[in-house]
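# Residue-level structure breakdown
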Amino acid sequence: MEAAGEGPRGSDRARMPHRRGVLLVLCFLAAHAAPGEAWTDADNRTWRYWISNGGVCLQGCGSPAEGELDIPREINGYRVTEIGELAFAWCTRLTGVTIPEGVTNIMESAFERCPRLARVRLPASLARIGIWAFDGCAALARVEVPPQVAEIGEGAFGSCGEVVLAAGNPAYRAESGFLLTKDGRALLHCWGSGSVEIPESVVRIGDCAFSGRKEVTRLTIPAQVSSIGEWVFSGCGEIREIIVEDGNPAYMSRDGLLLTKDGRRLIRGRNGSVAVPRQVTLIGNGAFEGYGGLTDVTLAPQVVRIGVDAFRDCRALAQVTIPACVTNIGTDAFRDCPALKTVCTEAGNVKRLKNLLVASCLDVSGLTFVETPGPATASPEPAPGP
């Protein structure tokens, strides 16, 4: 495993609160604690593993994996059957991997955030691909999924390209730039471009489904969609228009923003200068992540929580206004914002806000804090939907 380079994107995901913090701990333990068993192959590469259900669950290499990686079929007479959680996560120099026949399970985040990984060969024996397994592998332009894969976790291919399903897959289908469940009700991944219309059958948009799709410029969400996951639109700053069809009971769009129908949760932001609508109380995880054209943002005076990665990698963001009612700022909410110099907040709130920002892993030493006489000024409440 390699923890160097960019590192994890946050400290939690939708299914597990503070998951990313857990992952950081797991990464540390994996690197420093007893690794179970170790085996060295003929090429003098050391593999870490343990025996699970009579087979090998591979935990990674003794040194960071890089270049082309051929995972062994057997270790010490045991067949390799699983690629473990985080086994090769954040291996920033890994460019290709061949997974042997016999492997049935690629576990959670196994190859997450391997930015140079451009080729993956999956075995016909594979039955499961865990959540976030290849999330953040932006160089992976095409993945061929074998026919027996019956479970693909949400976010498994976040920021990746086209997913090609073998004929006869029992659980999923790929069509018109989308990876969908067989019944079409859940959208797991998109690799479309330009103006994209989500199929009318979809009711759930999964975690990271549009993550990193810089090629999408316009998006239509059908009336039937009633559930949208986390980090769905991170890195999608080029979307200039989001249309939520009339009659949608759960979501609405306003001024390029995507919000829950009650206006309380902001799911997806936009570039430019943004005043968050007054009714918003929660900035969602990754809501503005990677939006390189965001210059300044004023949070509504009712906002109480800023999600994980909410403004991460907003490289032009120079000023943010954060009201005193904010009680929680998620990990890495303002990570990799090199232009951020000014933070405005109400008089008397500076010390408390600094503590919140430091707790979110932000170095505040280079920031100028400006005290304002009253709460932030935000745009009016969004009009209620039909």
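For the structure, see preceding data.
Residues numbered from 1 in each chain as written. Predicted model: local features only at pLDDT ≥ 70, side-chain atom pairs only at ≥ 80, totals over all residues. Heavy atoms only, no water.

## What to know about the overall build of the chain
For the chain, the helix and strand inventory stands at two helices and 32 strands. Restricting the contact set of the chain to residue pairs at least 6 apart, pairs at least 24 apart contribute 39%. By element, 51% of the accessible surface of the chain is carried by carbon and sulfur atoms, the whole surface being about 15,200 Å². (Helix = DSSP H or I, 4+ residues; strand = E, 2+ residues; numbered from the N terminus. Contact = heavy atoms within 4.5 Å. Areas by Shrake-Rupley, 256 points an atom, 1.4 Å probe, with all protein chains shown as cover.)

## Here we look at helix 2 (residues 350-359)
Residue pairs spaced three or four apart in an α-helix point in one direction, given the helix's 3.6 residues per turn. Within the sequence span of helix 2, burial applies to Val350, Leu353, Leu356 and Leu357. Angularly, the buried residues of helix 2 cover 125° about the axis, an arc narrow enough to put them on a single face. Exposed residues pointing more than 90 degrees away from the buried face of helix 2 are listed as Lys351 and Ala359. Cys361 lies just past helix 2 and shows a positive phi near 75°. (Buried < 20%, exposed > 50% of the residue type's maximum accessible area, 1.4 Å probe, protein only. Arc of directions from axis to C-beta.)

## Here we look at the pairing of strand 13 (residues 162-165)
By the alternation rule, side chains of strand 13 split into Val163 and Leu165, which are all buried, and Glu162 and Val164, of which none is buried. Direction of pairing for strand 11 (residues 142-145) relative to strand 13: parallel, over a ladder of four bridges. Bridge pairing in strand 13 links Arg142 to Glu162. (Pairing = 2+ DSSP bridges.)

## Points about the pattern of salt bridges
Going through the model one piece at a time under the given rule, you end up with 18 salt bridges. The closest approach of N and O atoms between Glu68 and Arg119, which form a salt bridge, is 2.5 Å. Separated by 51 residues along the polypeptide, Glu68 in strand 4 (residues 66-70) and Arg119 in strand 9 (residues 119-121) bring together distant segments of the chain. Under the relative-accessibility criterion, Glu68 is labelled partly exposed at 47%. Between Arg204 and Glu154 there is a salt bridge, with the nearest N and O atoms lying 2.8 Å from each other. Placement of Arg204 in strand 18 (residues 204-205) and of Glu154 in the loop between strand 12 (151-152) and strand 13 is noted, with a sequence separation of 50 residues between them. Glu154 gets classed as buried once you look at its relative accessible area, which sits at 10%. (Salt bridge = Lys/Arg side-chain N within 4 Å of Asp/Glu carboxyl O.)

## Notes on empty space enclosed by the protein
Gaps left between atoms are located by rolling a probe of water-molecule size over the structure's atoms. Per the counting criterion, the structure on display carries one cavity of 30 Å³ or more. There is about 50 Å³ of room inside the largest cavity. Forming the boundary of the largest cavity are Gly229, Glu230, Trp231, Val232, Phe233, Ser234, Arg265, Ile267, Gly284, Asn285, Gly286 and Ala287. Split into classes, the residues belonging to the lining of the largest cavity amount to five nonpolar, five polar and two charged. (1 Å grid on protein atoms, 1.4 Å probe; cavity = no way out; pocket = protein on both sides within 12 Å on 5 of 7 lines; lining within 4 Å. Points joined across faces, edges and corners; volume = space filled by probe spheres on them. Nonpolar A, V, L, I, M, F, W, Y, C, P; charged D, E, K, R; others polar.)

## Regarding the nonpolar core
Phe210, Phe233, Ile283, Ile306, Phe311 and Phe334 are the most contacted members of the largest nonpolar core, which has 63 residues in total. When residues of this core are assigned to their parent elements, the largest contribution, four residues, is made by helix 2. Excluding anything up to four places from it in sequence, Phe334 contacts Ile306, Phe311, Leu317, Val320, Ile322, Ile329, Leu340, Leu357 and Leu362. Counting 45 residues, the second largest nonpolar core, distinct from the first, contains Leu58, Phe88, Val143 and Phe157. (Core = buried A, V, L, I, M, F, W, Y, C linked by side-chain atoms within 4.5 Å.)

## Considerations on the packing of aromatic side chains
With the rule as written, the count across this model stands at seven aromatic pairs. Their ring planes at 0° and their centres at 5.2 Å tell us that Phe111 and Phe134 sit as a pair that is stacked. With Phe111 in the loop between strand 8 (105-106) and strand 9 and Phe134 in the loop between strand 10 (128-129) and strand 11, this pair connects stretches of sequence that are 23 residues apart. You'll find Phe111 and Phe134 in the same group, each marked buried. Seen in terms of ring centroids, Phe210 and Phe233 are 5.5 Å apart; in terms of plane orientation they differ by 25°. Their pairing is stacked. On the criterion of sequence distance, the pair formed by Phe210 in the loop between strand 18 and strand 19 (216-221) and Phe233 in the loop between strand 20 (227-228) and strand 21 (241-244) is long-range, its members being 23 residues apart. The exposure class of Phe233 is buried, given its relative accessible area of 2%. Connected via pairs of aromatic rings, a cluster forms that spans Phe88, Phe111, Phe134 and Phe157. (Phe/Tyr/Trp six-rings, centres within 6.5 Å; stacked < 30°, edge-to-face > 60°.)

## Details of unusual backbone geometry
Keep in mind that most residues, glycine aside, have a negative phi and that most peptide bonds are trans. Even without glycine at this site, Trp132 takes up a positive phi of about 60°. Positive phi, close to 50°, is recorded for Ser176, a residue that is not glycine. As for its position among the elements, Ser176 is in the loop between strand 14 (172-175) and strand 15 (178-181). Relative accessible area serves as the criterion here: at 70%, Ser176 is assigned to the exposed category.

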